[in-house]
Amino acid sequence: MKTKLTTEEWSWIAYDWANSVYATIMMAAIFPIYFSAVAGSAGQQGDYWWGIGNSVAMVLIASIAPILGAFSDFYGYRKKLFSIFFAIGVGFTFASAFANHWVMLLVGYSISHIGFSGANLVYDSFLPDVTSVEKMDKISGYGFAFGYIGGSTIPFLASIALITFGEPFGIDTTKAIKISVVLTAAWWGLFSIPLLLNVKQKHGVPKPERGTASTAFSSVLHTAKLIFQNKKILVFILAYFFYIDGVDTVIKMSTSYGTTLGLDSNGMILALLVTQIVAFPCSIWFSSLSKKFGSLRMIKGAVLMYLLICITGFIMGFGLEEGYFGVDTALTLFWALAVMVGSVQGGIQAISRSYFAQMIPPENSGEFFGFFDIFGKFSAVIGPLLYAMTVRLTGRSSFAIFSIIALFLIGLAFLSFGGKHLDSQPE
């Protein structure tokens, strides 16, 4: 029997619609290309510094993630903490539109990324507050799906239109990108209003009368002990550490990789639009299939697809570097990669989030998602950093793909050989 989604569920989903514009324009598509071009004009290797900037931002947010999660479990704190990081993210995104030097662009982006990631941590911990265990896969999948089709696609199309057709109206490429960054901040802010108004913290623990900080630290240590005692959570979170790093690295480095190889920026942007369109039905489809085949099998299947994506990405880069084929063939492969990524990107993130949420006590969701986030964020340091170091050591961007392949292989090993600790459905 189908049930209608509640106002709280729709409001929670709306935030994915709101913040996905940042993930597309700032993290994946337009801003990385712009940054690489600006850094390149200053004699810098854009993809190297982009990897470093992403890694530094992730170290900082990962360092505070468990404490942030613990504080968010105190009644009345979750919405406040969300609002602080949300404001940092939107504010520094807006400020990035007015920076011109490559260093300032990187600093503005990195701080906005900290705000984006911190708000996401608290947002994820709201999932047990807005829905039941039985509906978590569905609601999580809907969040990613509507994020792709709305939050990503609509402002993305507007940005492409500005970049492609703005010249006759006095809008050159640089100005068009700056307008796109302002649009990102405005979209993110506007469509976050439903969550700010309608989503309430229902699960939590009482705030102590004194010693709030010491209580939060004690809670973090207690949660860490529980995670190490619960083999199912521990094995899954270790697997997640590696495979989600691979996913994040693919998202963050794909256009910078293509720009370094000399691919046409407009062609790459259009290919990423295809990713958003494909991701919408596939995210919902993933949630449906998880009920039939189990969440764990769906995650494994997605990791295998990402291995194929990385192998194809290496062939694209190596073939172009060695002169086995030209830029047009490489761009065609980039388009194929865009479709492949779209088929699994939203699904693997949505199912991982809901699979973990079903394992944990709802009253401590902030603490547990703090650790979930720290594993995700510290892993997100490794991928771009390994990529950057491999580029620096070898001088070949294509060889950097092997570092991403290794991450997926290790994650798959944990998922496959976790033995009795993991099964197709959480306990």
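Quick caveat: nothing in here was measured; it's all calculated off a predicted structure.

Visitor: Could you clarify how one ought to interpret the overall build of the protein chain in this entry?
Guide: The helix and strand tally for the protein chain stands at 16 helices and zero strands. Counting over 427 residues, the protein chain shows a buried share of 60%. Across the protein chain, the fraction of contacts at a sequence separation of at least 24, relative to all contacts at a separation of at least 6, is 87%. Summed over all atoms, the accessible surface of the protein chain reaches about 16,300 Å², with 70% contributed by carbon and sulfur.

Visitor: When you look at helix 13 (residues 295-322) in this model, what are you seeing that I'm missing?
Guide: The α-helix winds at 3.6 residues per turn, so residues separated by three or four positions along the chain end up facing the same way. Between its terminal C-alpha atoms helix 13 stretches 41 Å, which fits the 40 Å expected from 28 residues at 1.5 Å a residue. Among the residues trailing helix 13, glycine 323 stands out with phi positive, at a value near 80°.

Visitor: I tried to follow the pattern of salt bridges on my own but got confused; where do I start?
Guide: Any two side chains of opposite charge can pair, on the condition that their charged atoms come close. All chains considered together, the criterion is met by six salt bridges. Across the pair aspartate 16 and arginine 353 runs a salt bridge whose closest N-O atoms are separated by 3.4 Å. Here aspartate 16, found in helix 1 (residues 7-28), pairs with arginine 353, found in helix 14 (residues 327-357); they are 337 residues apart in sequence, far enough to count as distant. Here aspartate 16 matches arginine 353 in class, with each residue buried. In this structure, arginine 396 and glutamate 322 form a salt bridge, with 2.7 Å as the shortest nitrogen-oxygen distance. Note that arginine 396 is positioned in the loop between helix 15 (365-394) and helix 16 (401-416) and glutamate 322 in helix 13, a separation of 74 residues in sequence. Its relative accessible area of 36% is what places glutamate 322 among the partly exposed residues. Salt bridges sharing common partners tie together Asp16, Asp124 and Arg353.

Visitor: It is not clear to me how the environment of tyrosine 257 should be interpreted in this structure. Could you clarify?
Guide: Tracing the sequence through the fold places tyrosine 257 in helix 11 (residues 231-261). Separated by 221 residues in the primary sequence, tyrosine 257 and serine 36 place their C-alpha atoms 9.6 Å from one another.

Visitor: Just to check I follow, could you spell out the packing of helix 4 (residues 78-96) against helix 8 (residues 173-190) for this structure?
Guide: To characterise two packed helices, one gives the angle between the axes of the helices and the distance between these axes. Contact geometry for helix 4 and helix 8: axes closest at 7 Å, N-to-C directions at 160°. The orientation of helix 4 with respect to helix 8, classified from their angle, is roughly antiparallel. Where helix 4 crosses over helix 8, the two elements pack in a sense that is left-handed. Here helix 4 contributes Phe86, Gly89, Val90, Thr93, Phe94 and Ser96 to the contact with helix 8, which in turn contributes Val181, Val182, Thr184, Ala185, Trp188 and Gly189. Of the residues belonging to the contact of helix 4 with helix 8, the class tally is seven nonpolar, five polar and no charged.

Visitor: I would appreciate a short explanation of the environment of isoleucine 177 in the present structure.
Guide: Mapped onto the fold, isoleucine 177 is located in helix 8. A residue is classified by how much of its surface remains accessible, and isoleucine 177, at 7% relative accessible area, is buried. With 80 residues separating them in the primary sequence, isoleucine 177 and alanine 97 have C-alpha atoms 8.0 Å apart. Among residues more than four places away in sequence, those in contact with isoleucine 177 are Ile30, Tyr34 and Ile163.

Visitor: So what exactly am I meant to see when it comes to the nonpolar core here?
Guide: A general trend in soluble globular proteins is that nonpolar side chains are found buried together. Residues Trp12, Tyr243 and Phe408 are the most contacted members of the largest nonpolar core, which totals 125 residues. With 14 residues, helix 11 is the largest single contributor of residues to this core. Setting aside chain neighbours within four positions, we find phenylalanine 408 in contact with Tyr243, Gly246, Val247, Val250, Val303, Tyr306, Leu307 and Cys310.

Visitor: Explain helix 8 to me, please; I cannot follow it from the model alone.
Guide: Counted at 1.5 Å a residue, the expected span for helix 8 with its 18 residues is 26 Å, and the 25 Å between its end C-alpha atoms agrees. Among the residues making up helix 8, those that are buried are Ala176, Ile177, Lys178, Ser180, Val181, Thr184, Ala185, Trp187 and Trp188.

Visitor: What exactly am I supposed to notice about a nonpolar patch on the surface here?
Guide: On the surface, a nonpolar cluster with roughly 240 Å² of combined accessible area is contributed by Val103, Met104 and Val107. Structurally, valine 103 can be placed in helix 5 (residues 102-125). Residue valine 103 is classed as partly exposed on the basis of its relative accessible area of 34%.

Visitor: Mind showing me how you'd approach the packing of helix 2 (residues 30-41) against helix 3 (residues 46-72) here?
Guide: It is the contact of helix 2 with helix 3, at a shortest axis distance of 8 Å, that shows an interaxial angle of 125°. For the element pair helix 2 / helix 3, the angle class is oblique. As for the relative orientation of helix 2 and helix 3, their crossing is right-handed in sense. Here helix 2 contributes Phe31, Pro32, Phe35, Ser36 and Ala39 to the contact with helix 3, which in turn contributes Gly46, Asp47, Trp49 and Trp50. Of the residues assigned to the contact of helix 2 with helix 3, the class counts are six nonpolar, two polar and one charged.

Visitor: Explanation requested: the side chain of histidine 113 in the structure shown.
Guide: Along the polypeptide, histidine 113 turns up in helix 5. Residue classification places histidine 113 among the buried residues on the basis of a relative accessible area of 2%. Beyond its immediate chain neighbours, meaning those up to four positions away, histidine 113 contacts Tyr22, Met27, Asn54, Ala57, Met58 and Lys252.

Visitor: Could you clarify how one ought to interpret the environment of asparagine 198 in this entry?
Guide: Along the chain, the position of asparagine 198 falls in helix 9 (residues 193-198). Once the C-alpha coordinates of asparagine 198 and valine 130 are considered, the two residues, 68 residues apart in sequence, prove to be 9.9 Å apart. If we skip the residues at most four places from it in the chain, asparagine 198 touches Thr7, Glu8 and Ser11. There is a polar contact of 3.0 Å between the side chain of asparagine 198 and the side chain of serine 11.

Reading the values: rules and limits
- Residues numbered from 1 in each chain as written.
- Predicted model: local features only at pLDDT ≥ 70, side-chain atom pairs only at ≥ 80, totals over all residues.
- Heavy atoms only, no water.
- Helix = DSSP H or I, 4+ residues; strand = E, 2+ residues; numbered from the N terminus.
- Buried < 20%, exposed > 50% of the residue type's maximum accessible area, 1.4 Å probe, protein only.
- Contact = heavy atoms within 4.5 Å.
- Areas by Shrake-Rupley, 256 points an atom, 1.4 Å probe, with all protein chains shown as cover.
- Expected span 1.5 Å × (residues − 1).
- Salt bridge = Lys/Arg side-chain N within 4 Å of Asp/Glu carboxyl O.
- Axes fitted to C-alpha atoms, helices over the stretch in contact; angles between N-to-C directions.
- Parallel < 35°, antiparallel > 145°, perpendicular 65-115°, else oblique.
- Left-handed = near helix turned anticlockwise from the far one by under 90°.
- Nonpolar A, V, L, I, M, F, W, Y, C, P; charged D, E, K, R; others polar.
- Core = buried A, V, L, I, M, F, W, Y, C linked by side-chain atoms within 4.5 Å.
- Patch = residues over 30% accessible without salt bridge, like charges linked within 9 Å, V, L, I, M, F, W, Y side chains within 5 Å.
- Polar contact = N/O pair within 3.5 Å; in protein donor to acceptor, adjacent residues only side chain to side chain.

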